[in-house]
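Observations on chain architecture
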Amino acid sequence: MANLARPVALITGASSGIGATFARHLAARGFDLILVARRTEKLAELARELKVACELVTADLATDVGVDSVAEVIRGCARLELLVNNAGFGSLGRFWTAEAAGQEAMHRVHVLATVRLTHAALGGMVARNKGGVINVSSVAAFSINEGNVSYCSTKAWMNSFTEGLALELRGAESAVKVQALCPGFTITEFHDTLGVDRKGIPGFLWMSADFIVETSLKGLDKGKVIVVPGWIYRTIVTFLRPMPYAIRRHLKRPFKDRRV
Ligand SMILES: NC(=O)c1ccc[n+]([C@@H]2O[C@H](COP(=O)([O-])OP(=O)(O)OC[C@H]3O[C@@H](n4cnc5c(N)ncnc54)[C@H](OP(=O)(O)O)[C@@H]3O)[C@@H](O)[C@H]2O)c1
């Protein structure tokens with residue numbers, strides 16, 4: 001086990017994309033790291049690249065055993081100052097045609113793992129009156145799309161959960177911060193895993209993981225609870241947020257995947 005002597009950040013889904021980028025930025029900010037994902041070799045590669053102490057936890061967050069093992073690590077880490085609930089994935093197809101196990105796994109990773117890991121972290125953080133939790137949500141939290149029902153709903157839950165926690169922490173006069181980070185299309189392995197061709201989505205909508213993480217951490221410094229990186233997405237979200245179903249049902253999906 002690594003000797004984590006500095007403030008510690010635990011990042012789920014650190015083996016690629018936004019999670020690995022959080023690891024690089026947080027290492028530069030002086031954190032030691034606990035990196036969580038299923039692909040241990042990718043975590044080890046990242047740990048070799050970073051010049052800080054890293055503890056690696058191989059865990060499948062769609063399973064009780066996996067989540068419990070990470071919760072245990074969190075409860076045992078008195079130096080934990082930041083939890084980033086970032087692990088996640090998308091799916092294709094209408095809800096009833098998509099594989100049930102995959103839909104359930106998505107709810108387990110996005111919702112249940114976030115509940116359990118945040119609960120494990122907040123007790124200690126609130127007692128120490130120090131720390132933060134970033135829940136990596138999505139602009140999908142503000143929309144409801146055909147072919148994306150579980151993804152949009154779980155991310156909407158994440159925003160709601162985070163806003164609720166922010167209210168409770170404020171009510172308790174705690175200095176602990178929470179944030180729901182809502183990226184739009186970001187260049188990571190996410191769409192490769194889904195088998196979606198990025199060329200089908202206009203170039204101006206793509207953002208880098210570095211930009212997403214920079215915006216998130218600046219937002220956390222300022223205590224922002226909902227962070228939507230990029231003015232284009234902030235504009236889109238302004239319209240999506242209050243849209244009633246009566247209007248939404250007439251909208252066509254902008255980048256409809258043929259398989260949906
Ligand atoms: N890319 C985008 O356009 C975009 C937009 C908005 C929001 N997001 C959100 O950003 C977050 C990170 O995604 P990304 O874009 O960085 O995609 P990514 O490169 O595919 O990374 C996803 C990460 O989640 C981990 N993960 C997935 N299922 C897991 C499981 N069952 N147990 C443990 N770890 C698991 C993966 O690690 P292993 O495979 O090694 O387990 C990987 O490290 C997700 O929550 C996603 O919903 C992405």
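Going by the structure above, here's the rest.
The following paragraphs examine the structure supplied in this document. Quick caveat, the model's predicted, so the values are computed rather than measured. (Residues numbered from 1 in each chain as written. Predicted model: local features only at pLDDT ≥ 70, side-chain atom pairs only at ≥ 80, totals over all residues.)

Topic: the nonpolar core
Rule in force here: Buried Ala, Val, Leu, Ile, Met, Phe, Trp, Tyr and Cys residues whose C-beta atoms connect them within 7 Å together make up a nonpolar core. Residues with at least 20 neighbouring C-beta atoms inside 10 Å of their own are called buried, those with 12 or fewer are called exposed, and the rest are partly exposed, where every C-beta is derived from the backbone. Counting from the N terminus, the helices are DSSP H or I runs at least four residues long and the strands are E runs at least two residues long. By definition, residue pairs are in contact when their C-beta atoms, positioned from the backbone, come within 7 Å.
I11, A23, L33 and L35 are the most contacted members of the largest nonpolar core, which has 67 residues in total. Here this core takes eight residues from helix 4 (residues 100–128), the largest share from any one element. In this structure, I11 is in contact with G19, F22, A23, L33, L35, V36, V84 and N86, ignoring residues within four places of it in sequence.

Concerning the site of the ligand
To be explicit about the condition: Nearness rests on one distance test: the residue's C-beta atom, set from the backbone, must lie within 6 Å of the molecule or strand. Residue polarity follows a fixed list, in which Ala, Val, Leu, Ile, Met, Phe, Trp, Tyr, Cys and Pro are nonpolar, Asp, Glu, Lys and Arg are charged, and the others, Gly among them, are polar.
Close to the ligand lie 29 residues; G13, G17, R38, R39 and G88 are nearest. Sorting the residues of the shell around the ligand by element identifies helix 1 (17–28) and helix 6 (190–194) as the ones contributing at least two each. In terms of residues, the shell around the ligand owes the most to one element, helix 1, which gives three residues. Residues of the shell around the ligand, tallied by class, amount to twelve nonpolar, twelve polar and five charged.

Thoughts on helix 1
Put simply, the rule is: Here the expected span of a helix is defined as 1.5 Å times the quantity of residues minus one.
Here helix 1 is twelve residues long and its end C-alpha atoms lie 17 Å apart, about the 16 Å a rise of 1.5 Å per residue gives. All of the buried residues along helix 1 are G17, I18, G19, A20, T21, F22, A23, L26 and A27. At the exit of helix 1 stands G30, carrying a positive phi of roughly 95°.

What about the sheet that holds strand 2 (residues 32–37)?
Counted only if it meets this: When DSSP finds two or more bridges between two strands, those strands count as paired. Lines fitted to C-alpha atoms define the axes, with helix axes restricted to the stretch in contact, and inter-axis angles between N-to-C directions lie between 0 and 180 degrees.
Sheet architecture is open: seven strands sit in the order 3-2-1-4-5-6-7, paired in parallel fashion. Both edges of this open sheet fall to strand 3 (54–58) and strand 7 (226–227), since each of them pairs with a single strand only. In terms of strand pairing, strand 1 (residues 8–12) meets strand 2 through five bridges, oriented parallel. Along strand 2, the bridge assignment pairs V8 with D32. Packed on one face of the sheet, helix 3 (residues 64–75) meets strand 1, strand 2, strand 3 and strand 4 (80–85) and runs near 155° to strand 3. Along the sheet, helix 4 contacts strand 4 and strand 5 (132–136); its crossing angle with strand 4, the most-contacted strand, is approximately 170°.

A few points about helix 7 (residues 209–221)
Just so we agree on the cut-off: By construction, the arc corresponds to the directions joining the helix axis to the C-beta atoms.
Across its 13 residues, helix 7 extends 18 Å between first and last C-alpha, which sits within 8% of the 18 Å expected from 1.5 Å per residue. Taken residue by residue, helix 7 has A209, I212, V213, S216 and L217 as its buried positions. Along the axis of helix 7, the buried positions cluster into a sector of 120°, meaning they face one direction only. Exposed side chains of helix 7 directed beyond 90 degrees from the buried face belong to K218 and D221. Looking at the packing, one finds that the buried side of helix 7 touches helix 1, strand 5, strand 6 (177–181) and strand 7. Of the residues trailing helix 7, G223 is marked for its positive phi of about 80°.

Considerations on the pairing of strand 4
The criterion, for reference: Viewed with both strands pointing away, a crossover whose connecting path from the first strand over the helix to the second turns clockwise is right-handed.
For strand 4, a buried count of six out of six residues is recorded, marking the element as mostly surrounded by other parts of the structure. Looking at chain direction, strand 1 and strand 4 are connected through four bridges and run parallel. By the bridge assignment for strand 4, L10 is matched with L83. One ladder, built from four bridges, connects strand 4 with strand 5; its direction is parallel. Paired with L82 across the two strands is G132, which belongs to strand 5. Remark: the strand 4/helix 4/strand 5 crossover connection has right-handed handedness.

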